[in-house]
Amino acid sequence: MKPKHKINVRSVIAHIVLIVLSFLCLFFFVILIINATRSHAQLQKGFSFIPGGHFLDNLKSVANDGTFPMFRGIVNSLIISGSCAALCTYFSSLTAYGLYAYDFKLKKVAFTFIMAILVMPTQVTAMGFLRLITKMGMYDSWAPLIIPSIASPAVFYFMYSYLQSSLPLSLVEAARIDGSNEFRTFNRIVLPIMKPAIAVQAIFTFVGSWNNYFVPALIIQSKNKMTVPILIATLRGADYMNFDMGKIYMMITVAIVPIIVVYLLLSKYIIAGVTLGGVKE
């Protein structure tokens, strides 16, 4: 009976800790949604857990604000973030597969070079990058935000580590013996095995691109091309007399909905795809 008593105590403590952590994680989202339902006058009165009745009014204010194209910014962010996630995960997986499945003289040098780029901060190369894209005629366009995502050392390393633990080289050799070319082997055999890793990195890449403010702020000037973080940052310079807190909370609420949707769509592949890596030699 004593071991059973200990297990019960541990179970209770574990549940309490999980409840507290869940509360801390969800608290700010709940407050954000509640504030999005309240008017500017109600928000000025102070904090409250009671939702207001101005959700639709705030949503209409956001939709009809011609000076603040929030929904256009969401579409822009979806296109950029979705493209970055697709390119980053595919080409990082392809690079990881190339270094894992092939033996060549400069293999270690290439791996070390990619890892060296990983520790280089974006801010160090920002001015040179800005001058480069200006000379190439890509200033104030989405191309500099999407194309560089092909080279992602962090995602490459994650994919490389996953291949080491999940892909037996005998499977690749068997595909070659059967006459499959390299790209067919990668697309039909390797990618399905890497689906859990791709789903995880797709989420991280999408969220990272969605929240990216530094690079888009350097490049994008046209309002119809701006992403969500840039548009939200412009709220700091809003006229205090026309400052509507309810509309601001609604803008932020609308901005995080696509991230939640993407996570819900991809999270099932993380669990369902775990069994795909269980290939025996």
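Residues numbered from 1 in each chain as written. Predicted model: local features only at pLDDT ≥ 70, side-chain atom pairs only at ≥ 80, totals over all residues. Heavy atoms only, no water.

With respect to the confidence of the model for the protein chain
Overall, the predicted model of the protein chain reaches an average pLDDT of 83, with 89% of residues at or above 70. Per-element mean pLDDT across the protein chain ranges from 79 in helix H14 (residues 245-272) up to 92 in helix H7 (residues 143-146). Counting interchain partners and residues more than four positions distant, the pLDDT-below-50 stretch residues 275-281 has 10 contacts. (pLDDT = per-residue confidence, 0-100. Helix = DSSP H or I, 4+ residues; strand = E, 2+ residues; numbered from the N terminus. Contact = heavy atoms within 4.5 Å.)

Here's the deal with the packing of aromatic side chains
For the structure shown, the criterion picks out 13 aromatic pairs. Their ring planes at 80° and their centres at 6.3 Å tell us that Tyr97 and Tyr102 sit as a pair that is edge-to-face. Given a relative accessible area of 3%, Tyr97 falls into the buried group. Judged by centre distance (5.9 Å) and plane angle (35°), the ring pair of Phe156 and Tyr160 falls under tilted. Taken together, the residues span about one helical turn, with Phe156 and Tyr160 both in helix H8 (residues 153-166) at a distance of four residues. In this structure Phe156 comes out as buried when scored by relative accessible area, which is 2%. Above the face of the Tyr102 ring, Arg176 is positioned so that its terminal group lies 5.2 Å from the ring centre. (Phe/Tyr/Trp six-rings, centres within 6.5 Å; stacked < 30°, edge-to-face > 60°. Buried < 20%, exposed > 50% of the residue type's maximum accessible area, 1.4 Å probe, protein only. Lys NZ or Arg CZ within 6 Å of the ring centre and 35° of its normal.)

Observations concerning helix H10 (residues 182-193)
If you check H10, its first and last C-alpha atoms are 16 Å apart, about what 12 residues at 1.5 Å a residue would give, namely 16 Å. Looking at H10, one finds that the buried residues are Thr185, Phe186, Val190, Leu191 and Ile193. Angularly, the buried residues of H10 cover 150° about the axis, an arc narrow enough to put them on a single face. (Expected span 1.5 Å × (residues − 1). Arc of directions from axis to C-beta.)

Let's talk about a nonpolar patch on the surface
Together, Val9, Val12, Ile13, Ile16, Val17, Val20, Leu21, Phe23 and Leu24 line one region of the surface with nonpolar side chains, adding up to about 800 Å² of accessible area. Tracing the sequence through the fold places Val20 in helix H1 (residues 2-36). (Patch = residues over 30% accessible without salt bridge, like charges linked within 9 Å, V, L, I, M, F, W, Y side chains within 5 Å. Areas by Shrake-Rupley, 256 points an atom, 1.4 Å probe, with all protein chains shown as cover. Salt bridge = Lys/Arg side-chain N within 4 Å of Asp/Glu carboxyl O.)

A few points about the pattern of salt bridges
Should their charged atoms come close, side chains of opposite charge can pair. Enumeration according to the criterion identifies two salt bridges in this entry. Between Asp103 and Lys107 there is a salt bridge, with the nearest N and O atoms lying 3.3 Å from each other. A salt bridge links Arg176 to Glu182; the nearest nitrogen and oxygen atoms lie 3.1 Å apart. Under the relative-accessibility criterion, Glu182 is labelled partly exposed at 29%.

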